[in-house]
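# Coordinate analysis (summary)
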Protein chains: 2
Amino acid sequence: MVSRNCSLRFPWRKVPRPMDLQSYLTEVNTLVDRALDRWLPGQKLKPGIIHQAMRYSVFAGGKRLRPVLTIAASESVGGTQGKALPAACALELVHTYSLIHDDLPAMDDDDFRRGRPSSHKVYGEAVAILAGDALLTYAFELLVRESLNLGSDAGLVSSQVQELAQAAGTAGMIGGQVLDLEAEGRKVDLAGLEEIHHRKTGALLKAAVRLGAIAAGAGWEELTDLTAYAEALGLAFQIKDDLLDVEGDSAKLGKPVGSDAAKDKSTYPSIIGLEQSKLMLAEQTETALKLAGHFGDKGRILAELALFVRDREF
Amino acid sequence: MVSRNCSLRFPWRKVPRPMDLQSYLTEVNTLVDRALDRWLPGQKLKPGIIHQAMRYSVFAGGKRLRPVLTIAASESVGGTQGKALPAACALELVHTYSLIHDDLPAMDDDDFRRGRPSSHKVYGEAVAILAGDALLTYAFELLVRESLNLGSDAGLVSSQVQELAQAAGTAGMIGGQVLDLEAEGRKVDLAGLEEIHHRKTGALLKAAVRLGAIAAGAGWEELTDLTAYAEALGLAFQIKDDLLDVEGDSAKLGKPVGSDAAKDKSTYPSIIGLEQSKLMLAEQTETALKLAGHFGDKGRILAELALFVRDREF
């Protein structure tokens, strides 16, 4: 059984948490980092600069939330960690490419990412654009090649390629980014806000869960439950983000609170109020826990992840 | 039999050519344009701006050389045009995305493409970057979904995804673009020049031919011949490009001659001389014709395309 009031932590932050989730996250992070290091082109391979730029952003201290979801979802339906690893890595490459392109001067114009200079500050804009392009391209290559190497069925792999492309494309992540650009400097309503988040971050989180489940050969009913779980988790994640910007501790967050309000950005608290936002977070967490519960003990990590998302302080 | 001294033409330029190649090109262009129009997201689909930007560049009067090669290669081994159509369209989307990103201010900074304002001049840099990303992403989605819809084997489709990603990635097109950036303002030798072209344009032309052949279920020997054909054709294409910049007619070319020399750019004539370049063009054409000949009457279009590349005046 899952302890509902425990304080969880990811290994890269110092917050008390029960040993088992931490061990799991450490194990998965190590597994994913080793696989990415093995599968990405070596940085001495010609032309070296592009492979260095790809690795610079991939190994930049990311939380690996998407790979963790992929592998946990695979295990929830009886799959192995190994067989879900190509999809887990592909998801992380797509996420990383999106961050490189988001940081470009023409987009969010961010000079720093996770405390380090962003790709275009280190390698210049041209190489940063190409490094993003290359990571997106390589995500599909890695997914197919390594999945087939591990003996996955070509039909399942084809489904994974389609899911990944849909989630990353204009119906998903890219579409969300465009809606976000369009929303700049004007108020959106709750439906508008949900659509942005649903596409911009929700689609890839959902794909992370679904690709893991597909790798493990999940049945239709299992896939439906896991999809609903991922949707609830993605929504909870975003509401919590907005709440932390109002009520968080800037020392723990590692960034000042109140930045959304300062930028006049539409958030859950600014649209539906603080109390209603908290209620919504509780509801979405409840939904995610209930769905994780369908998988019994195998769904325990998914449940703990939902609690982590609710209780995190950063 | 192929007439070796005929003057061929693509339907978008006014040079005399025998009717059959022109009919073929018109037919394939119509087929590809209709498929792209049917398969790309509608421009009213939300968010409209990104779908409009994708279509603006896809329907910008491109020559569709890659789709023509895909379909001709498929037919050379007894395949249908229809079954190669998803791969043909995917190749064109990847080609189009590369042009949008190449034109960006941080890259080649070109305000015009095919006589029209380039994507970032019309939609702004942010949307142009995202439109490129979206076309690359959608290429994989379209390739898999439409190939499976047409009853292609998932194993073959997986191979096609891998081939396309490799050709478009750092071992191919993106790698060539990086080498080209690195070569700016300095002389390269023949080996250096060949590596740039081999990756920057050759890899995608080769993938165009191979994906068509794979769609048609080509055997190992056929695939080997077609790969060698594509390599010869790609090299001939580039040598001819460089020759036209020295000896071409600027009225027919639609751009001034001598621009390579003015930019101090390394070209075949500048490295090995004009006569040697012409000899090399003749040799590569000979090789391509010989390989096309292995496919008898079914290889006739491939042979005519090799002659077109040699004899074109634009």
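See the structure printed just above.
A quick note: this is a predicted structure, and the numbers were derived from the prediction, not measured.

### Quick look at the overall build of chain A
Scanning chain A for helices and strands turns up 15 helices and two strands. For chain A, the C-alpha radius of gyration of 19 Å lies close to 20 Å, the compact-globule estimate for 314 residues. Out of the 314 residues in chain A, the part that is buried amounts to 52%. For chain A, the share of sequence-separated contacts (at least 6 apart) that also reach a separation of at least 24 residues comes to 67%.

### Quick word on the environment of Leu91 of chain B
All names here are of chain B. Its place among the elements puts Leu91 in helix H4 (residues 81–103). Taking the C-beta count within 10 Å as the criterion, Leu91 has 29 such neighbours and is therefore assigned buried. Along the backbone, Leu91 and Asp297 are 206 residues apart, and their C-alpha atoms lie at a distance of 26 Å. If sequence neighbours within four positions are ignored, Leu91 has contacts with Arg66, Pro67, Thr70, Leu204, Ala207, Ala208 and Leu211.

### Concerning the environment of Trp39 of chain A
All names here are of chain A. Along the chain, Trp39 turns up in helix H1 (residues 19–39). By the C-beta count within 10 Å, which is 17 here, Trp39 ends up partly exposed. Taking the C-alpha atoms as reference points, Trp39 and Tyr138, separated by 99 residues in sequence, lie 9.8 Å from one another. Contacts of Trp39, omitting those with residues within four sequence positions, involve Cys89, Leu142 and Glu146.

### A look at the interface of chain B and chain A
On the chain A side, the residues contacting the 41 residues of chain B number 41 residues. Listing elements by their share of the side of chain B that touches chain A, those giving two or more residues are helix H2 (48–58), helix H6 (125–149), helix H7 (154–168) and helix H8 (173–183) of chain B. Per element, the largest residue contribution to the side of chain B that touches chain A is 14 residues, and it comes from H6 of chain B.

### Considering the environment of Asp242 of chain A
Residue and element names in this part refer to chain A. Tracing the sequence through the fold places Asp242 in helix H10 (residues 220–247). The exposure class assigned to Asp242 is buried, which follows from the 22 C-beta atoms found within 10 Å. Residues within four places of Asp242 in sequence aside, it is in contact with Asp260, Thr267, Tyr268, Pro269 and Ser277.

### Some words on the relation of the copies chain B and chain A
Here chain B sits on chain A after a turn of 180° about the axis and a move of 0.0 Å along it, with an RMSD of 0.0 Å. Here the copies are linked by what is in effect a two-fold axis. If distances are taken from each C-alpha of chain B to the rotation axis, the shortest is found for Ala154 of chain B, at 2.7 Å. Residue by residue, 100% of the interface of chain B is reproduced at the interface of chain A, so both copies engage with the same surface.

### Quick notes on the packing of helix H14 (residues 274–293) of chain A against helix H15 (residues 300–311) of chain A
Residue and element names in this part refer to chain A. Put simply, H14 and H15 touch, their axes get as near as 8 Å, and they point 170° apart. Comparing their axes, H15 and H14 come out roughly antiparallel. Only Leu302, Ala303, Ala306 and Arg310 of H15 make contact with H14, whose side of the interface consists of Leu281, Thr285, Ala288, Leu289, Ala292 and Gly293. A breakdown of the residues in the contact of H14 with H15 according to their chemical character gives seven nonpolar, two polar and one charged.

### Re unusual backbone geometry
All names here are of chain A. Omega for the bond connecting Lys46 with Pro47 falls within 30 degrees of zero, at -10°, which places this linkage in the cis form. Within the fold, Pro47 resides in the loop between H1 and helix H2 (48–58). Unusually for a residue other than glycine, Arg114 sits at a positive phi of about 55°. Position of Arg114 among the secondary structure elements: in the loop between strand E1 (112–113) and strand E2 (116–117). By C-beta crowding, Arg114 is classed as exposed, having 12 other C-beta atoms within 10 Å.

Each value, and the rule that gives it
Residues numbered from 1 in each chain as written. Chains lettered and ligands numbered in written order. Predicted model: local features only at pLDDT ≥ 70, side-chain atom pairs only at ≥ 80, totals over all residues. Helix = DSSP H or I, 4+ residues; strand = E, 2+ residues; numbered from the N terminus. Rg over C-alpha atoms; globule rule 2.2 N^0.38 Å. Buried ≥ 20, exposed ≤ 12 C-beta atoms within 10 Å, placed from the backbone. Contact = placed C-beta atoms within 7 Å. Least-squares fit on C-alpha atoms with pLDDT ≥ 70 in both. Axes fitted to C-alpha atoms, helices over the stretch in contact; angles between N-to-C directions. Parallel < 35°, antiparallel > 145°, perpendicular 65-115°, else oblique. Nonpolar A, V, L, I, M, F, W, Y, C, P; charged D, E, K, R; others polar.

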